[in-house]
Amino acid sequence: RYAEVPSVVGMGLKNELRPVCGGLSWGKGAFCNVTFYDFNLTDSPPKDDACVAPAWSSGPEELQVKLAAEAAGRAILAVAPHKLVSIGGLEYSTDLRTVGVDLPSQSFVYEAHEYSWSWWTVVVGDLLEDEYADGDATVMAEGPARSRCFELGEKCAGIVCSTDNTRCTMRARRREGAEGEGKQIGSALTHRKRHAE
């Protein structure tokens, strides 16, 4: 459609990839069942509030962004070889840490978005140490938990929340070697502070 439009210099593949959680849309809309996105959820049947997240090049192939970006990029370049392919990162295009594609280097750019909340990366199934940050086990909403976590500086690596972000606790650091424990997917969202890594 835009292959020969000279003022269109590139094509963006997908705007702001992010986790999808089950439940009511915006707390009151239609119900979202995330098994539509991932039939391999660990719960059987999956919990109503389960979450599914894309990954760059790990996990189920149908959720790997790298594979999709390369296929879409090749399709665009086949019909419009003079256009740029714009590829966004994970977590609302704020996280470019793991990106990389096998496309001609002169034919693509990475797209990064920056927001006031870009200090955080939301990860489904990523584990934080069970130890509470600064010994504080208070359960609070996401906003106050983030604020308090920033006040604690390096003592707080992030917060772990229920999928509706109403019940959050602050955590000390990421757990090392926590293999097989990703099965808590669907039960919590981890808001990880980027500068704490």
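Here the structure is a predicted model, which is why all the values come from computation and not from measurement. (Residues numbered from 1 in each chain as written. Predicted model: local features only at pLDDT ≥ 70, side-chain atom pairs only at ≥ 80, totals over all residues. Heavy atoms only, no water.)

Brief notes about the overall build of the chain
Working step 1: Looking only at helices and strands, the chain features three helices and eleven strands.
Working step 2: For the chain, the α and β elements follow one another from N to C terminus as β-β-β-β-β-α-β-α-β-β-α-β-β-β.
Working step 3: Taking all 197 residues of the chain together, 41% fall into the buried category.
Working step 4: Looking at the chain alone, contacts between residues at least 24 apart form 65% of all its contacts between residues at least 6 apart. (Helix = DSSP H or I, 4+ residues; strand = E, 2+ residues; numbered from the N terminus. Buried < 20%, exposed > 50% of the residue type's maximum accessible area, 1.4 Å probe, protein only. Contact = heavy atoms within 4.5 Å.)

Some words on the nonpolar core
Working step 1: Of all hydrophobic cores here, the largest spans 14 residues; its most connected members are Trp56, Val85, Ile87, Val101 and Phe108.
Working step 2: Those elements that place two or more of their residues in this core are α1 (65–79) and β6 (84–88).
Working step 3: Counting residues in each nonpolar core, the second largest holds eleven residues, with Trp120, Ala145, Cys149 and Leu152 among its members. (Core = buried A, V, L, I, M, F, W, Y, C linked by side-chain atoms within 4.5 Å.)

Quick notes on the pattern of salt bridges
Working step 1: Tallying each qualifying case throughout the model produces three salt bridges.
Working step 2: With its nearest N and O atoms 2.9 Å apart, the salt bridge here joins Glu142 to Arg146. Taken together, the residues span about one helical turn, with Glu142 and Arg146 both in helix α3 (residues 142–152) at a distance of four residues.
Working step 3: Taking relative accessible area as the criterion, Arg146 reaches 14% and is therefore assigned buried.
Working step 4: One salt bridge connects Arg148 with Glu151, and the closest N-O pair in it is separated by 3.4 Å. (Salt bridge = Lys/Arg side-chain N within 4 Å of Asp/Glu carboxyl O.)

Side note on the sheet that holds strand β7 (residues 108–111)
Working step 1: With parallel pairing, three strands are arranged side by side in an open sheet as β1-β6-β7. Pairing within the sheet leaves two strands with one partner each, and these edge strands are β1 (10–12) and β7. The sheet shows a mean angle of 25° between the axes of neighbouring strands, taken without regard to direction.
Working step 2: Here β6 runs beside β7; their pairing, made up of four bridges, is parallel. Note that in β7 the partner of Gly88 across the bridge is Glu111. (Pairing = 2+ DSSP bridges. Axes fitted to C-alpha atoms, helices over the stretch in contact; angles between N-to-C directions.)

Some thoughts on the state of the cysteines
Working step 1: Scanning all chains against the criterion turns up two disulfides.
Working step 2: With its sulfur 2.0 Å from that of its partner, Cys149 forms a disulfide with Cys156. Taking the sign of the S-S torsion, about -100° here, the bridge from Cys149 to Cys156 comes out left-handed. There is no split in this pair, since Cys149 and Cys156 are both buried. (Disulfide = S-S within 2.5 Å.)

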